[in-house]
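A structural walkthrough
For reference, the chains in residue letters:
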Amino acid sequence: MEPLRPILFHPHIPSIEYIEQTILPDAYEVRTARSVSDLAQAIQRLGIRGAPALGCAGACGVALSALLSKAATFPEFLEQIRHDAHVLKNTRPTAVNLFYGIDHVLCTLEHARSIEEAKSKAVDAAQEIIEADRRTCHAIGKTGLSVIPDGARILTHCNAGALACAEWGTALGVIRSAHEAGKKISVFACETRPLLQGARLTTWELMRDGIEVTLITDSMAAVLMRKGEIDLVLVGADRIVSDAVFNKIGTYMHAVCAQAHNIPFYIAAPLSTFDEKSREADITIEERDPDEIRTVRGCITGPKDVPVWNPAFDATPVHLISGIITEYGIFSLPRDSDIIDQIRKGERTGGAVL
Ligand code: MRU
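The structure contained in this document is the topic of the report that follows. None of these values were measured; they are calculated from a predicted model.

**Digging into the pattern of salt bridges**
- Taken as a whole and assessed by the stated rule, the structure comprises 26 salt bridges.
- The partner of Asp 243 in a salt bridge is Arg 279, and the shortest N-O contact between them spans 3.4 Å. With Asp 243 in the loop between strand S8 (239-240) and strand S9 (244-248) and Arg 279 in the loop between strand S10 (265-268) and helix H10 (291-294), this pair connects stretches of sequence that are 36 residues apart.
- The exposure class of Arg 279 is partly exposed, given its relative accessible area of 48%.
- In this structure, Asp 341 and Lys 345 form a salt bridge, with 3.4 Å as the shortest nitrogen-oxygen distance. Placement of the pair is Asp 341 and Lys 345 together in helix H11 (residues 337-348), with a separation of four residues, close to one helical turn.
- Exposure remark for Lys 345: the relative accessible area of 43% places this residue in the partly exposed category.
- Residues participating in the shared-partner salt-bridge network are Arg 5, Glu 131, Arg 134 and Glu 167.

Structure follows, in structure tokens:
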């Protein structure tokens, strides 16, 4: 089976090609963003989604802005790109990878000596973010093998798969690597209300790869844990701060249930998802359109004016987490915060990139 690569940058056109995720699994469509505004809209409506994929999209968006620029002077060029970077940053507030991808390419541009040099450096930096994400996800998969026993029944939530990254996935990357290594595993995918990333995307990805998967509603997870039918919970992350992990709404509920039933609860995420200087209280959780709750894929499920609360993410305190599986090893917070700090400093100075 061809690897899923949900985001590709074509600098010579210039454009960004992405798998449209709102219509899967009913339809598989590759769409093209030819402007920063196309890209921003695709991110806002979750055509492109998932923390690492957002990092790639942000990086490509800044490079696209540079390639499309007709500015005559370097200061004018930078001003336009900073404006586009701002537009992209305003699409979704929670996943830190988006900001990381945008700032990384912006910083590269700002250090160029001419517009031409800046364009070429931006393209290289954006392509490298995509390549690095591919390598990183495969490395996370290998790291995670040690926590997946043969025969494991794994519960996952939302979609932390190839569709949420440049390839392979984080939580589903570990599952794919375990399957590839010959472990007999099976997955329970929670549907993930309200936008059904688990039902629509995770099941589709796993079935495509021939990995055993059973779809359940979010409210069925606790019963399965109590019946002894889950060996571990494994999910991705949108932002990891010093005292909590932000991930799709519903993740906290699974973590509390897992602790109550003595089941290991793991996060799989790249170091680019860490925001170790922040605390839970510093982070904005995206609140989305109330109609996402009043309807399910166009069908009405509640009165059209019923008040709704629709946070897209929640925070799981670090004491509920058995380990964070990364490309550098499995960490625990707050115990390993110094080592994570050291690796992050090394990455910023070019000393520790895989
Ligand atoms: O709102 P989404 O679909 O972008 O939310 C995605 C998630 O919460 C994923 O679990 C997370 O980004 C990890 S992706 C490897």
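**Looking at unusual backbone geometry**
- Residue Pro 14 follows Ile 13 across a cis peptide bond; omega there is -15°.
- Of note, the bond from Arg 193 into Pro 194 is cis; its omega dihedral lies within 30 degrees of zero at 5°.
- Position of Pro 194 among the secondary structure elements: in the loop between strand S5 (186-190) and helix H7 (197-208).
- Of note, the phi angle at Cys 158 is positive, near 65°, even though the residue is not glycine.
- Judged by its relative accessible area of 7%, Cys 158 falls in the buried class.
- The backbone of Arg 297 shows a phi angle near 45°, a positive value even though the residue is not glycine.

**Section: the site of the ligand**
- Arg 49, Arg 92, Asp 238, Asn 247 and Lys 248 are the nearest of the 18 residues found near the ligand.
- A distance of 2.7 Å separates an oxygen atom of the ligand from a polar atom in the side chain of Lys 248.
- Out of a free accessible area of 420 Å², the ligand has 100% covered by protein chains.
- For the shell around the ligand, the elements supplying multiple residues, two or more each, are helix H2 (51-68) and S9.
- Residues that form the shell around the ligand fall into these classes: eight nonpolar, six polar and four charged.
- No fewer than three residues from each of domain 1 (7-138) and domain 2 (143-344) sit in the shell around the ligand.

**Structural notes on the pairing of strand S7 (residues 232-235)**
- The alternating pattern of S7 places Leu 232 and Leu 234 and Val 233 and Val 235 on opposite faces, both of which are buried.
- Alignment of S7 against S10, held across three bridges, turns out to be parallel. The partner of Val 233 across the bridge, within S10, is Phe 265.

**A look at the nonpolar core**
- The biggest cluster of nonpolar side chains holds 45 residues, and the ones touching the most others in it are Phe 9, Ile 48, Val 62, Phe 77 and Leu 109.
- Those elements that provide at least two residues to this core are strand S1 (7-10), strand S2 (15-19), helix H1 (36-44), H2, helix H3 (74-89), helix H4 (96-110) and helix H5 (115-144).
- Of the residues forming this core, the biggest block, 11 residues, is contributed by H2.
- Setting aside its immediate chain neighbours within four residues, Leu 109 contacts Val 62, Ala 66, Phe 74, Phe 77, Leu 78, Ile 81, Ala 118 and Ala 122.

**Details of the side chain of Glu 286**
- Position of Glu 286 among the secondary structure elements: in the loop between S10 and H10.
- Owing to a relative accessible area of 7%, Glu 286 belongs among the buried residues under this scheme.
- For Glu 286, the side chain forms a polar contact with the side chain of Arg 92, separated by 2.9 Å.
- A polar contact of 2.7 Å, which involves the side chain of Glu 286, links it to the side chain of Arg 288.
- Not counting the four nearest positions on each side in its chain, Glu 286 is found in contact with Arg 92, Pro 93, Thr 94, Asn 310, Pro 311, Ala 312 and Phe 313.

**Quick notes on the sheet that holds S2**
- The three strands lie next to each other as S1-S2-S3, forming an open sheet whose pairing is antiparallel. Edge strands, defined here as strands with exactly one partner in the open sheet, are S1 and strand S3 (30-33). Taking each pair of neighbouring strands and ignoring which way they run, the sheet shows an average axis angle of 25°.
- Taken together, the four bridges between S1 and S2 define a ladder with antiparallel strand orientation. Opposite Phe 9, over in S2, you have Ile 16 as the bridge partner.
- Contacts between H2 and the sheet are confined to S1, S2 and S3, with S1 contributing the most and set at about 15° to the helix.

Calculation notes
- Residues numbered from 1 in each chain as written.
- Predicted model: local features only at pLDDT ≥ 70, side-chain atom pairs only at ≥ 80, totals over all residues.
- Heavy atoms only, no water.
- Salt bridge = Lys/Arg side-chain N within 4 Å of Asp/Glu carboxyl O.
- Helix = DSSP H or I, 4+ residues; strand = E, 2+ residues; numbered from the N terminus.
- Buried < 20%, exposed > 50% of the residue type's maximum accessible area, 1.4 Å probe, protein only.
- Near = heavy atom within 4 Å.
- Polar contact = N/O pair within 3.5 Å; in protein donor to acceptor, adjacent residues only side chain to side chain.
- Areas by Shrake-Rupley, 256 points an atom, 1.4 Å probe, with all protein chains shown as cover.
- Nonpolar A, V, L, I, M, F, W, Y, C, P; charged D, E, K, R; others polar.
- Domains from an automatic or database assignment.
- Pairing = 2+ DSSP bridges.
- Core = buried A, V, L, I, M, F, W, Y, C linked by side-chain atoms within 4.5 Å.
- Contact = heavy atoms within 4.5 Å.
- Axes fitted to C-alpha atoms, helices over the stretch in contact; angles between N-to-C directions.

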